[in-house]
Amino acid sequence: MSLRVAIVGSGPAGVYTAEALVKQAAGPVEVDVLERLPTPYGLVRYGVAPDHTSIKSIAGYLRRVLELPGVRFLGGIEFGRDVTVDDLRACYDAVVYCTGAMVDRRMGIPGEDLPGSVAATDFVNWYCGHPDMPADRFVLDSPEVAVIGVGNVAVDVVRVLAKTAEELRSTDVPEEVLSRLAESQVKVIHMIGRRGPEHAKFTLKELRELGELANADVCVRPDEAPVSGEMAALSRQVRGNVEVIQAWAARSPAGRPRRLDVRFWMRPVEILGDGRVEALRLERTRLDDGRVVGTGEFETLPVGMVLRSVGYRSVPLPGVPFSEATMTVPNEAGRVRDREYVAGWLKRGPTGVIGTNKSDAAETVRTLLADLSGRDPVRHADLDAVLAERGVSPVTYRQWLSIEAAEAALARTLGRGERVKLAGLAAMLSALERAE
Ligand code: NAP
């Protein structure tokens, strides 16, 4: 008899978990990958920047996993609405939660909720064509914008804002979003780090790309570029970042249409505006025993939009344990409780690159298989019957392929790249109805 496992979430963690189950199990396995959206691949599809084509090509690897014998994709199934923990426990020998980290962390400063103060997660979802984010959600009508945070997500957001629409034309950005980017009034982008260049979270490859932008000059203030300690004491990666930043501080702008001001030792203290964002108030910082403290020196930037890129966080799943302190599901090597497991960002927090989820998923699967080894199957019900009884019809893998085909056809019609994302859930659902 096969081991039957349900995976909740079809992002990289979910699909790597499916792969690890097929590879590690001694006997036959049947894996159902449940997904809220009609489309698989989670963050690879809706988080990786559209111009990062080599990272996006991971989707090709994930696709081969979903096509493995014994693995099944069930889209359009929302955990907590269409199926519950009890349903899955009744239908499968084990459940693995892999829903990632879908929402933004808060900064906790006044003005954070003013219109024009935007979570980077929303902005990323917008340019990636996430069905939850309408294509007309953003108008880039401010000449100056601020991006808070100096991690890789901030770098992605800055790069998309700095590039011309023409540069993004061959990507899969929805056509409606591309038009908005073409109409962008943005001239100056401020990227704000609350600590020094040696503390920034971005990685060297991603940072260097900013220096290669054809449409924007990158500026760093010479007084914000030095490091506090010895360069030799820094890791190779950090030293590389600092060297790039110091080289930018030494060069003069070439007069490109846009400017990126990368700032350090400044923290946001208030977003100002009457009914919408009109300015961002910053305070200079220093470290006191490793803690960021303000020096009482302030500066106000005349920005009309603030993009908060200060990290992602997971959201609790109905009926599943969750720690508000760590914003993760408490687990031991992936085990949450009997027959329930977790993998990916929901397990360890939003850190690491996509590939990190592969070893993370493998650990969870090792725990699961060791726990279940020699145990009798416990399932009594069949998910297809449960869903049919509730009138819920999942989006099948074949139907997802018809959405993909419609995206490729749209790209051909528009004379753009390999694919263009369909904007909105309705467009996706009508593509799969047309293919029926
Ligand atoms: P991140 O790497 O944790 O960076 C968050 C940034 O926000 C840090 O600079 C942090 O500064 C700052 N921050 C946090 N709270 C703040 C506050 N209250 N005020 C001001 N600044 C604040 O998170 P991320 O950029 O969202 O990236 C998440 C993960 O995805 C990372 O592992 C990243 O490498 C990965 N990712 C990778 C790629 C790629 O490989 N190309 C692309 C995108 C994302 P402190 O350090 O001072 O806290």
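The rules we used
Residues numbered from 1 in each chain as written. Predicted model: local features only at pLDDT ≥ 70, side-chain atom pairs only at ≥ 80, totals over all residues. Heavy atoms only, no water. Near = heavy atom within 4 Å. Polar contact = N/O pair within 3.5 Å; in protein donor to acceptor, adjacent residues only side chain to side chain. Areas by Shrake-Rupley, 256 points an atom, 1.4 Å probe, with all protein chains shown as cover. Helix = DSSP H or I, 4+ residues; strand = E, 2+ residues; numbered from the N terminus. Nonpolar A, V, L, I, M, F, W, Y, C, P; charged D, E, K, R; others polar. Domains from an automatic or database assignment. Core = buried A, V, L, I, M, F, W, Y, C linked by side-chain atoms within 4.5 Å. Buried < 20%, exposed > 50% of the residue type's maximum accessible area, 1.4 Å probe, protein only. Contact = heavy atoms within 4.5 Å. UniProt positions renumbered as here; feature names shortened; annotations may be inferred. Axes fitted to C-alpha atoms, helices over the stretch in contact; angles between N-to-C directions. Parallel < 35°, antiparallel > 145°, perpendicular 65-115°, else oblique. Left-handed = near helix turned anticlockwise from the far one by under 90°. Phe/Tyr/Trp six-rings, centres within 6.5 Å; stacked < 30°, edge-to-face > 60°. Lys NZ or Arg CZ within 6 Å of the ring centre and 35° of its normal.

K.L.:
Would you explain the site of the ligand in this entry?
P.N.:
In the neighbourhood of the ligand, 23 residues make up the surrounding shell, with Val-150, Arg-194, Arg-195, Glu-206 and Gly-352 lying closest. Within the backbone of Val-150, an N or O atom sits 3.0 Å from an oxygen atom of the ligand. In the model, an oxygen atom of the ligand is placed 2.8 Å from a nitrogen or oxygen of the Arg-195 side chain. In the complex, 84% of the free accessible area of the ligand, which totals 920 Å², lies under the protein chains. Examining the composition of the shell around the ligand, we find that 3 residues originate from one element, helix α7 (residues 152-162), more than from any other. Of the residues assigned to the shell around the ligand, the class counts are 9 nonpolar, 8 polar and 6 charged. Split by domain, the shell around the ligand shows at least three residues from each of two domains, domain 1 (3-101 + 314-395) and domain 2 (105-307).

K.L.:
Help me understand the nonpolar core, please; the structure alone is not making it clear to me.
P.N.:
In globular proteins that are soluble, nonpolar side chains generally tend to be buried together. Ranked by size, the top nonpolar core spans 97 residues in total, and within it Phe-123, Met-191 and Leu-368 carry the most contacts. Here this core spans two domains, and each of domain 1 (3-101 + 314-395) and domain 2 (105-307) adds at least three residues to it. Excluding residues within four positions of it along the chain, Phe-123 makes contact with Val-118, Phe-138, Leu-140, Val-157, Leu-161, Met-305 and Leu-307.

K.L.:
Can you walk me through the UniProt feature "binding site: FAD" (unreviewed entry) in the protein chain in this structure?
P.N.:
Residues annotated in UniProt with the feature "binding site: FAD" (unreviewed entry) correspond here to Ala-13, Glu-35, Leu-43, Trp-345, Gly-352, Val-353 and Ile-354. The greatest C-alpha distance among the residues just named is 22.6 Å, and with 342 residues of sequence between them they are spread in space as well. One can find Ala-13 in helix α1 (residues 12-24). Excluding anything up to four places from it in sequence, Ala-13 contacts Cys-98, Ala-343, Gly-344, Asn-357 and Ala-361. Of note, Ile-354 is situated in the loop between α12 (345-348) and α13 (356-372).

K.L.:
Which parts of the structure should I look at to understand the packing of helix α6 (residues 120-127) against α7?
P.N.:
Each pair of packed helices can be described by the angle between their axes along with the distance between the axes. Where α6 contacts α7, the two axes come as close as 11 Å, and the packing angle between them is 50°. By the angle between their axes, α6 is oblique relative to α7. In the packing of α6 onto α7, the handedness of the crossing is left-handed. Across the interface between the two elements, Ala-120, Phe-123, Val-124 and Tyr-127 from α6 touch Val-153, Asp-156, Val-157, Val-160 and Leu-161 from α7. Looking at side-chain class alone, the contact of α6 with α7 contains 8 nonpolar, no polar and 1 charged residues.

K.L.:
Please clarify how unusual backbone geometry should be interpreted in this entry.
P.N.:
A negative phi angle is the norm for most residues apart from glycine, just as the trans form is the norm for most peptide bonds. Although it is not a glycine, Tyr-41 sits at a positive phi angle of roughly 90°. By the element assignment, Tyr-41 lies in the loop between β2 (29-34) and α2 (42-46). One non-glycine residue, Arg-339, adopts positive backbone phi at about 70°. Within the secondary structure, Arg-339 sits in the loop between β16 (335-337) and β17 (340-342). We classify Arg-339 as buried; its relative accessible area is 10%.

K.L.:
For this particular structure, what's the right way to read the packing of aromatic side chains?
P.N.:
Between two aromatic rings, the relevant description is the distance of the centres plus the angle of the planes. Applying the stated rule across the entire model yields 8 aromatic pairs. Taking 5.7 Å as the distance between ring centres and 85° as the angle between the ring planes, the aromatic pair formed by Phe-123 and Tyr-127 counts as edge-to-face. Residue Phe-123 and its partner Tyr-127 are located together in helix α6, separated by 4 residues, close to a single helical turn. Judged by relative accessible area, which is 0%, Phe-123 ranks as buried. Members of the aromatic cluster, each reached through a chain of ring pairs, are Phe-123, Trp-126, Tyr-127 and Phe-138. Geometry around Phe-298 places Arg-281 over its ring, the cationic atom sitting 4.1 Å from the centre.

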